[in-house]
Amino acid sequence: MFNIKSDHGLSEAGFDKIIEWARSILPEGNRLKENFYAAKSMMKPLGLVYQKIDMCHNFCMLYYLENVELTECMTSGHSQFKPRTGTEKTLMAYKKLRYFPITPRVQRLFMSPKTAEHITWHLSHDTVD
């Protein structure tokens, strides 16, 4: 269901409506989560986290590591944050990069015996040239 939400740009409210409909046609005592928040909290322990990194409006640089304290781009001089209109409590970056670390994803592949067998095939089989 998360793939459908992502592929079609479905809002959380739309996702909740689909879950509500699916729960109405499933038998009593089903284990389908009640809403998007509950479904998302179920996915969190899978370890598929990502890190948000602010970036320049013109894609010049990342505000990461030694540049995390900067508020203007070193190349273009563009501000990192959108101007406040008075209602926001926090600064909002113009653009954010979502970094998905590969290590937890590869570890999850090796957790399943079926996928681990396919990944380590070259180790256990000799190739003949």
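Read on for an overview of the structure. Once a new chain begins, its residue numbering starts again from 1 and follows that chain's sequence as written. With the structure being a predicted model, the display of local features is reserved for residues of pLDDT at least 70 and the display and counting of side-chain atom pairs for 80 or more, all residues being used for whole-chain, interface and lining totals. Side-chain metrics in this entry use all non-hydrogen atoms of the structure; hydrogen atoms and water are not considered.

**Some words on unusual backbone geometry**
Within the chain, Phe59 stands out as a residue other than glycine whose phi angle is a positive 60 degrees. Every helix listed is a DSSP run of H or I at least four residues long, and every strand listed is a run of E at least two residues long, numbered separately from the N terminus. Among the structural elements, Phe59 can be located in the loop between strand 1 (51-55) and strand 2 (95-99). Positive phi outside glycine occurs at Leu65, with the angle close to 55 degrees. Structurally, the position occupied by Leu65 is in the loop between strand 1 and strand 2. Only protein chains enter the calculation, and the probe is 1.4 Å; a residue is then buried if its accessible area is under 20% of its type maximum, exposed if over 50%, and partly exposed in between. A relative accessible area of 60% means that Leu65 is categorised as exposed.

**Focus on a positive patch on the surface**
Where like charges cluster on the molecular surface, the positive patch consists of Lys40, Lys44, Lys52 and Arg98. Relative to the helices and strands, Lys40 is located in helix 3 (residues 36-43). Put simply, a patch holds well-exposed residues, over 30% relative accessible area, that have no salt bridge, with like charges counted together within 9 Å and Val, Leu, Ile, Met, Phe, Trp or Tyr side chains within 5 Å. For the accessible areas, the method is Shrake-Rupley and the probe is 1.4 Å, while residue cover comes only from the protein chains on display. We count a salt bridge whenever a side-chain nitrogen from Lys or Arg sits within 4 Å of a carboxyl oxygen from Asp or Glu. Positive residues here are Lys and Arg, negative ones are Asp and Glu, while His and the chain termini are left out of the count. Every charge is mapped onto a representative atom, which is NZ of Lys, CZ of Arg, CG of Asp or CD of Glu.

**Quick notes on the layout of surface pockets**
Only protein atoms enter the 1 Å grid used here, on which a cavity is any set of points holding a 1.4 Å probe that cannot leave and a pocket is any open set flanked by protein within 12 Å on both sides along at least five of seven lines; residues with an atom within 4 Å of a point are listed as lining. Grid points are joined across faces, edges and corners, and a volume is the space filled by probe spheres set on the points. Of the pockets and cavities examined, the largest pocket occupies roughly 590 Å³. In terms of lining, the largest pocket is formed by 13 residues, of which the most central are Lys40, Met43, Leu48, Val49 and Tyr50. The dominant element in the lining of the largest pocket, judged by the number of residues it contributes, is helix 3, at four residues. In the lining of the largest pocket, the residues fall into eight nonpolar, one polar and four charged. Residue polarity is assigned by list, with Asp, Glu, Lys and Arg as charged and Ala, Val, Leu, Ile, Met, Phe, Trp, Tyr, Cys and Pro as nonpolar; anything else, Gly included, falls into the polar class.

**Examining the pattern of salt bridges**
Opposite charge on two side chains permits them to pair, given that their charged atoms come into close proximity. Under the counting rule described, the total for this entry stands at one salt bridge. Between Asp54 and Lys96 there is a salt bridge whose closest N-O contact spans 3.0 Å. Of this pair, Asp54 sits in strand 1 while Lys96 sits in strand 2, and the two are 42 residues apart along the sequence. Residue classification places Asp54 among the buried residues on the basis of a relative accessible area of 15%.

**Some thoughts on helix 3**
Where helix 3 is concerned, the buried positions are Phe36, Ala38 and Ala39. In an axial view of helix 3, the angular spread of the buried residues amounts to 165 degrees, which keeps them on one side of the axis. Throughout, a contact is declared for two residues whenever any of their heavy atoms are within 4.5 Å. Looking at the buried positions of helix 3, the neighbouring elements they touch are helix 1 (2-8) and helix 2 (12-25). Distance and chemistry together define a polar contact, namely a pair of N or O atoms within 3.5 Å, with one atom able to donate a hydrogen and the other to accept it when in protein, and with adjacent residues in sequence counting only for side-chain atoms on both sides. At the N-terminal end of helix 3, a side-chain oxygen is found 3.3 Å from the backbone nitrogen of Tyr37, two or three residues along, and the residue is Asn35. Starting at the helix axis, one direction is taken to each C-beta atom, and the arc is that of these directions.

**Description of the packing of aromatic side chains**
Within 6.5 Å between ring centres, the rings of Phe, Tyr and Trp (the latter by its six-membered ring) count as paired, and their orientation is classed by plane angle as stacked under 30 degrees, edge-to-face over 60, tilted in between. Counted under the stated rule, the structure contains four aromatic pairs. Geometrically, the ring pair formed by Phe2 and Phe15 is stacked, given 5.4 Å between the ring centres and 25 degrees between the ring planes. Taken together, the residues Phe2 in helix 1 and Phe15 in helix 2 connect sequence positions 13 residues apart. When its relative accessible area of 27% is taken as the criterion, Phe2 is described as partly exposed. With 5.3 Å between their ring centres and 85 degrees between their planes, Phe15 and Phe36 make a pair best called edge-to-face. Placement of the pair is Phe15 in helix 2 and Phe36 in helix 3, with a sequence separation of 21 residues.

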